[in-house]
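Geometric and topological summary
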Amino acid sequence: MTPLYLSGALRKLEADHTGDNPSLMALAGAAIADWLLERYRGCRFGLLIGPGNNGGDALVSTRHLLDAGQAVHCIVPRQRSSGSPQDAALLATPGLQVSRTAELADCDVIVDGLFGLGLRTLDQSMIDWLLSVDALGKPVIAIDVPSGLDADRGIPKPYALRATHTLSMLGLKPGYYTAEGRDFCGEIHDFALLPHTAPRPAADAQLIDGRPSCTQLVRRHASHKGTHGTLAIFGGSTGMTGAALLAGRMAVRAGAGKVQLGVLDQTLGVDPLQPELMIRSATELQADPGLDLAVIGPGLGQSAAASSLLEHLLKSTLPLLLDADALNLVAAKPETRQLLRERTAPSLITPHPAEAGRLLGLSTQSIQIDRLDAAKRLGEQLNTSVLLKGSGTICADAAGLSINASGNGALGSAGQGDLLSGLIAALWVQGMPAIDAARLGAFVHGQAADEWRASNPNGLGLCASELIDPIRHLLNQ
Ligand SMILES: NC(=O)C1=CN([C@@H]2O[C@H](COP(=O)(O)OP(=O)(O)OC[C@H]3O[C@@H](n4cnc5c(N)ncnc54)[C@H](OP(=O)(O)O)[C@@H]3O)[C@@H](O)[C@H]2O)[C@@H](O)CC1
Ligand SMILES: Nc1ncnc2c1ncn2[C@@H]1O[C@H](COP(=O)(O)OP(=O)(O)O)[C@@H](O)[C@H]1O
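Residues numbered from 1 in each chain as written. Chains lettered and ligands numbered in written order. Predicted model: local features only at pLDDT ≥ 70, side-chain atom pairs only at ≥ 80, totals over all residues. Heavy atoms only, no water.

Okay, helix α14 (residues 371-382) next. The first and last C-alpha atoms of α14 sit 16 Å apart over 12 residues, in line with the 16 Å expected at 1.5 Å per residue. Inspection of α14 places Arg371, Leu372, Ala374, Ala375, Leu378, Gly379 and Leu382 among the buried residues, and these make up the whole buried set. Asn383 sits one or two positions beyond α14 and adopts a positive phi of about 55°. (Helix = DSSP H or I, 4+ residues; strand = E, 2+ residues; numbered from the N terminus. Expected span 1.5 Å × (residues − 1). Buried < 20%, exposed > 50% of the residue type's maximum accessible area, 1.4 Å probe, protein only.)

Have a look at this one:
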């Protein structure tokens, strides 16, 4: 995992290095120019120079590009506030073309040094100007943050340039990886600027950017199905039995020792494609004393039977994963919510943003505006570990926050959440702590989708069931 820093921590780090020689800006400008020369030497560069330090980074890199004999055109849409002698000297450099309007059509590459961490909400004239830059369709290299994007939360304020590459200065930011960040940042490059040994503030979150360890799952010789956990999955009401089947099939293939489905639709007797699944009525299964962990939610519905099943499980001492309609029932009924809060056994909830909104009494949009904060608040208010789904899935427990870097928009299809709940529960029942199972499950689910996307570039038509075997393969690597 790689640390992520909110802008407050980065400001503090910057302040700790104010008197450094060379300055952070000098280091940033040189690193940006080196990167540009490696990729785009010989191109005509159009640099957007903003009024603060983001623009300062761009100006320093301009000097390096000119020294390297490159054709550079600077656009300064607003007066730089510092107006320092260094700025004046840079802007007067022979060979440098400067204008205040978007004379960018002749450039091959646009370097966005307008606004970074110091962004405030854009006014309409700036939005219009950025729209005209986007409309040119040129590659955009963003310095630190694509202009207009909130680096902490991954949302445009209210518009942002869409970058092809983002060159991150000093530390990676959560907003690159969650909400809309991935669509705005393009490929992200980490320019740490400081030596690895330099003291750093505590990270605000961690990025899950590689597969978390699976070693504790590796099968010992003297093990048997009982040591690999007995998992119950409750759901599958009429018309939604497929959700329970998806979760169950995934759980079997992710290594759970025994998987039992407790379904509300009594007509489902066997899964011919996964005959290892034991299918029983929910009422019968809930009384089974041999269970190690339960999932409730896939295809559950919100009937009276679903509600009383949920209450029974919340009162039990079983570790419990709650998904889908189990979450909607918690949101709708204060007494059910209270049961969740009072649990002493571990719980994990896996809401998508709309379910998270219902649980917090907020709109879906309010959740998406600050996903890290929403995940943290859900955990605190409901006394549970949390996995908040969506682009940049967030895992939260009392120990902290992490953001999953894998996955893509092809996962936006019904059934993927059911698959994920079966996967996480299977890892959890085999002995991983809930939050580790959530991180590993989210990562390999996304990784399988990324591998699929590599040969299906537009991302259309990925079915949840197609990922079961690739996920099993990834867990065994
Ligand atoms: N800390 C670090 O990690 C490091 C920082 N570094 C670099 O510095 C960057 C941060 O620099 P920064 O603090 O000067 O902020 P920045 O993004 O240039 O913007 C502030 C300026 O923009 C203006 N402005 C803002 N919004 C506006 C709007 N909507 N419309 C119009 N104007 C607007 C704002 O005006 P004001 O609000 O003051 O009126 C102010 O003048 C950071 O992203 C990285 O590139 C690296 O060099 C080294 C490590
Ligand atoms: N753009 C995306 N990037 C990464 N993961 C995504 C993206 N879109 C959806 N997902 C993942 O796909 C799954 C969808 O789950 P959910 O919305 O609950 O679907 P359902 O309940 O219909 O099965 C979640 O794991 C979610 O995080």
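What follows covers the pattern of salt bridges. With the rule as written, the count across this model stands at 15 salt bridges. Each of the salt bridges in this network shares a partner with another, and the network as a whole consists of Arg253, Asp469 and Arg472. (Salt bridge = Lys/Arg side-chain N within 4 Å of Asp/Glu carboxyl O.)

Looking at ligand 2, there are 17 residues lining it, with Lys389, Gly390, Thr393, Gly415 and Gly417 nearest. Contact distances for ligand 2 include 3.3 Å between an oxygen atom and a backbone N or O atom of Leu411. For ligand 2, the protein covers 79% of the area, taking 580 Å² as the surface of the free molecule. The element that contributes the greatest number of residues to the shell around ligand 2 is helix α15 (residues 416-429), accounting for four residues. Of the residues assigned to the shell around ligand 2, the class counts are three nonpolar, 12 polar and two charged. (Near = heavy atom within 4 Å. Polar contact = N/O pair within 3.5 Å; in protein donor to acceptor, adjacent residues only side chain to side chain. Areas by Shrake-Rupley, 256 points an atom, 1.4 Å probe, with all protein chains shown as cover. Nonpolar A, V, L, I, M, F, W, Y, C, P; charged D, E, K, R; others polar.)

Within the secondary structure, Leu172 is located in the loop between β7 (165-169) and α6 (181-185). Assessed through its relative accessible area of 6%, Leu172 is described here as buried. Put simply, Leu172 and Asp106 are 66 residues apart on the chain and 32 Å apart in space, counted from C-alpha to C-alpha. Contact partners of Leu172, with chain neighbours within four places excluded, come to Thr2, Pro3, Leu4, Tyr5, Tyr177, Ile188, Asp190 and Leu207. (Contact = heavy atoms within 4.5 Å.)

As a further point, take the environment of Gly56. Relative to the helices and strands, Gly56 resides in helix α3 (residues 53-67). Accessibility expressed as a relative area gives 2% for Gly56, which makes it buried. Spatially, the C-alpha atom of Gly56 lies 46 Å from that of Ile424, the residues being 368 residues apart in sequence.

Another aspect to go through is the domain arrangement of the chain. Segmenting the chain into domains produces domain 1 (2-201) and domain 2 (215-475). Computed from C-alpha atoms alone, the centre-to-centre distance between domain 1 and domain 2 is 41 Å. Taken together, the contacts link nine residues of domain 1 with 11 residues of domain 2. Carbon and sulfur atoms supply 55% of the area that domain 1 and domain 2 bury against each other, a total of about 820 Å² over both sides. (Domains from an automatic or database assignment. Buried area = accessible area lost by both parts, 1.4 Å probe.)

So, on to the site of ligand 1. Taken together, 22 residues lie around ligand 1, and Arg11, Asp57, Gly116, Arg120 and Asp144 are the ones closest in. In the model, an oxygen atom of ligand 1 is placed 2.7 Å from a nitrogen or oxygen of the Asn54 side chain. The contact in question runs from an oxygen atom of ligand 1 to an N or O atom on the backbone of Gly118, over 3.0 Å. Burial of ligand 1 by the protein amounts to 84% of the accessible area it has alone, namely 930 Å². Of all the elements in the fold, those that place two or more residues in the shell around ligand 1 are α1 (7-16), α2 (24-40) and α3. Residues belonging to the shell around ligand 1 are distributed by class as follows: nine nonpolar, seven polar and six charged.

Counting 55 residues, the largest nonpolar core has Leu423, Ile471 and Leu475 as its most contacted members. Elements with a minimum of two residues in this core: β10 (230-235), α7 (241-253), β11 (258-263), β13 (293-296), α15, α16 (434-454) and α17 (468-475). Of the residues forming this core, the biggest block, 11 residues, is contributed by α16. Filtering out sequence-adjacent residues up to four positions away, Ile471 remains in contact with Met250, Leu419, Leu423, Val444, His445 and Ala448. By size, the runner-up hydrophobic cluster in this structure holds 51 residues, among which are Ala282, Leu285, Ala375 and Leu401. (Core = buried A, V, L, I, M, F, W, Y, C linked by side-chain atoms within 4.5 Å.)

On to the packing of α7 against α17. Where α7 meets α17, the axes come as close as 9 Å, and the angle between the chain directions of the two elements is 25°. Considered as vectors, α7 and α17 are oriented roughly parallel to each other. Between α7 and α17 lies a crossing whose hand is right-handed. The residues of α17 that touch α7, namely those facing Leu246, Arg249, Met250 and Arg253, are Ile468, Asp469, Ile471 and Arg472. Broken down by class, the residue content of the contact of α7 with α17 amounts to four nonpolar, no polar and four charged. (Axes fitted to C-alpha atoms, helices over the stretch in contact; angles between N-to-C directions. Parallel < 35°, antiparallel > 145°, perpendicular 65-115°, else oblique. Left-handed = near helix turned anticlockwise from the far one by under 90°.)

The next point concerns the packing of α15 against α17. Look at α15 against α17: their axes get within 12 Å of each other, and the N-to-C directions meet at 30°. Judged on the interaxial angle alone, α17 and α15 are roughly parallel. For the pair α15 and α17, the sense of crossing is right-handed. Here α15 contributes Leu419, Leu423 and Leu427 to the contact with α17, which in turn contributes Ile468, Ile471 and Leu475. Taken together, the residues of the contact of α15 with α17 break down into six nonpolar, no polar and no charged.

A few words on the packing of aromatic side chains. Counted according to the given criterion, the structure contains two aromatic pairs. Above the plane of the ring of Phe184 lies Arg162, whose end atom (NZ or CZ) is 4.4 Å from the centre. (Phe/Tyr/Trp six-rings, centres within 6.5 Å; stacked < 30°, edge-to-face > 60°. Lys NZ or Arg CZ within 6 Å of the ring centre and 35° of its normal.)

Taking strand neighbours across the sheet as the criterion, the seven strands line up as β4-β3-β2-β5-β6-β7-β8 in an open arrangement whose pairing is parallel. Strands at the two margins of the open sheet, each flanked by one partner only, are β4 (97-99) and β8 (187-191). Ignoring strand direction, the axes of neighbouring strands in this sheet form an average angle of 20°. Strand direction decides the pairing type here: β7 and β8, joined by five bridges, are parallel. The partner of Met169 across the bridge, within β8, is Phe191. In this fold α2 packs onto β2 (44-49), β5 (109-113), β6 (140-143), β7 and β8, with an angle of close to 155° to the strand it touches most, β7. Relative to β2, α3 is tilted by about 155°, and along the sheet it contacts β2, β3 (71-75), β5, β6 and β7. (Pairing = 2+ DSSP bridges.)

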